[in-house]
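Analysis of the macromolecular model
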Amino acid sequence: TRSLSITSGGQLMFEKAQGEKVTLPCTFVLSEEDEGPLDIEWVLIPADNQKKEQIIIMYSADRIYNNYYAATTGRMQFANPDPKSGDGSLDILNLKSADTGTYQCKVKKLPGVQSQKLQLMVFVKPARTKCSVEGSQEIGKDVTLRCVSQEGSPLLSYDWRRVSGTHELPATSVLNKNTGELLLKNASQDYSGTYNCVASNRIGTDECSIELNVTPPINTAGIIAGAIIGTVLGLSVLAILIFCYCKKQKEKKYEKEVHHDIREDVPPPKSRTSTARSYIGSNRSSLGSMSPSNMEGYTKTPYSQVPSEDFERTPGQNPTFATSKVAAPNLSRMGAVPVMIPAQSKDGSIV
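So, here is what we can say about the structure in this document. (Residues numbered from 1 in each chain as written. Predicted model: local features only at pLDDT ≥ 70, side-chain atom pairs only at ≥ 80, totals over all residues. Heavy atoms only, no water.)

The subject of this paragraph is the overall build of the chain. Along its length, the chain carries three helices and 18 strands. Across the 351 residues of the chain, 30% fall into the buried class. Long-range contacts, defined as pairs at least 24 residues apart, comprise 58% of the intrachain contacts of the chain with a sequence gap of at least 6. About 23000 Å² of surface is accessible on the chain, with carbon and sulfur atoms providing 53% of the total. (Helix = DSSP H or I, 4+ residues; strand = E, 2+ residues; numbered from the N terminus. Buried < 20%, exposed > 50% of the residue type's maximum accessible area, 1.4 Å probe, protein only. Contact = heavy atoms within 4.5 Å. Areas by Shrake-Rupley, 256 points an atom, 1.4 Å probe, with all protein chains shown as cover.)

Here is the structure:
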């Protein structure tokens, strides 16, 4: 008995880039003997055999059902709005890497049943490729240039090329196309220049560049000696600053103490000698003005005491000192020359 058959038996493998669109073909021819209702199903067969097949879209009883698989909602549709016409092909829009897998088209019209499997590979173009240098960029050292794409489907291939100088890689270089490593052994200054890395897969490429500058070895001994000298000089300057600061503080403290101990605006205290001399001088002037007739009231009693500045006076006493009331100062104690004061005897003669 003749039954329905699927006629799209040509290409069974499809490779597309992420973001593109693909049409998975599924055309068929019905038989006169097929009298049951027409059903068309698209099923995603997981790579893991332990998982069940997942219906992603279906046509049944003249109606389309496309809400079975949330990951493809809004991105999958029948290529022909009327699949019963014999075209049940599937369109997948805005492809993603997760769409990679095996798709099966099932056409049923009882008693006839036919199916066809198609393989879809969604590749991600290399993107965000970065170049870097590992190792010391010194003459005689081994230097490694690395190239890695942050995005991109597996089976990426990396290729390095030199874009300056001779445009050829150094003779000692070793390239690993799978990892993107370029090893430059025993580097010399001739290796300096700009290097470019190209990452590629089946659907696209991406690239990056890096500058290599091979220099003579660094004089570490000189650097260490310079660091030591600089440290010593720094400590010396610090010590000098601390010494000057301490010295300045001591000078300020000394000036402050001297300022409190000595006051130039205060006159020196009077000495007892100057007081006695001024007293004797005033008495001599008073005696010199006396005549012999006025000296009866004075006795020959010598002065034996030095009057103090605030000597006692009797109330109402005349400022002129009487010899009988005032004791003569002890001039010898003050270091002064004794002065002889004349006195009058009872017979009227001057003694």
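The rest of the description comes next.
Now for the sheet that holds strand β14 (residues 157-162). Within the open sheet, the three strands sit side by side as β14-β17-β18. Their pairing is antiparallel. Strands with a single pairing partner mark the edges of an open sheet, and in this sheet they are β14 and β18 (205-212). If you compare each strand with its neighbour and ignore which way they point, the axes differ by 20° on average. One ladder, built from eight bridges, connects strand β17 (residues 193-200) with β18; its direction is antiparallel. Across the sheet, residue C197 finds its bridge partner in β18, namely C208. (Pairing = 2+ DSSP bridges. Axes fitted to C-alpha atoms, helices over the stretch in contact; angles between N-to-C directions.)

Pairing in this open sheet of three strands is antiparallel, and the strands run β3-β9-β8 from one edge to the other. Bordering the open sheet on either side are β3 (22-24) and β8 (76-78), each of which pairs with just one other strand. Within the sheet, the average angular offset between the axes of one strand and its neighbour, ignoring direction, is 25°. The pairing of β3 with strand β9 (residues 90-92) spans three bridges and is classified as antiparallel. The residue of β9 that forms the bridge with V22 is I92.

Membership of the largest hydrophobic core comes to 25 residues, with the highest contact counts inside it found for L24, W42, I92 and Y103. If you list the elements that add at least two residues to this core, you get β3, β5 (38-45), β6 (54-60), β8, β9, β10 (101-109) and β11 (112-123). Judged by nonpolar contacts, the second largest core, of 18 residues, contains V143, C147, W160 and V214. (Core = buried A, V, L, I, M, F, W, Y, C linked by side-chain atoms within 4.5 Å.)

Our next topic: a nonpolar patch on the surface. On the surface, a cluster of nonpolar side chains totalling about 280 Å² of accessible area is made up of I224, I228 and V232. Along the chain, I228 turns up in helix α1 (residues 220-261). Residue classification places I228 among the exposed positions, given a relative accessible area of 51%. (Patch = residues over 30% accessible without salt bridge, like charges linked within 9 Å, V, L, I, M, F, W, Y side chains within 5 Å. Salt bridge = Lys/Arg side-chain N within 4 Å of Asp/Glu carboxyl O.)

This brings us to the state of the cysteines. Evaluation of the coordinates by the stated rule reveals three disulfides. Across a sulfur-sulfur distance of 1.9 Å, C26 and C105 are joined as a disulfide pair. Between C26 and C105 the sulfur-sulfur dihedral comes to about -65°; the bridge is accordingly left-handed. Note that C26 is positioned in the loop between β3 and β4 (28-29) and C105 in strand β10, a separation of 79 residues in sequence. The burial state of C26 is the same as that of C105; both residues are buried. Across the disulfide from C131 sits C208; the S-S distance is 1.8 Å. An S-S torsion of about 80° defines the bridge between C131 and C208 as right-handed. Of this pair, C131 sits in strand β12 (residues 127-134) while C208 sits in strand β18, and the two are 77 residues apart along the sequence. Taken in N- to C-terminal order, the disulfide-linked cysteines of the chain are connected 1-2, 3-6, 4-5. Not engaged in a disulfide, the cysteine C244 finds its nearest cysteine sulfur in C246; these two sulfurs lie 9.4 Å apart. Overall, C246 belongs to the partly exposed group, its relative accessible area being 39%. (Disulfide = S-S within 2.5 Å.)

Read these as layout, nothing more, since geometry by itself doesn't imply function.
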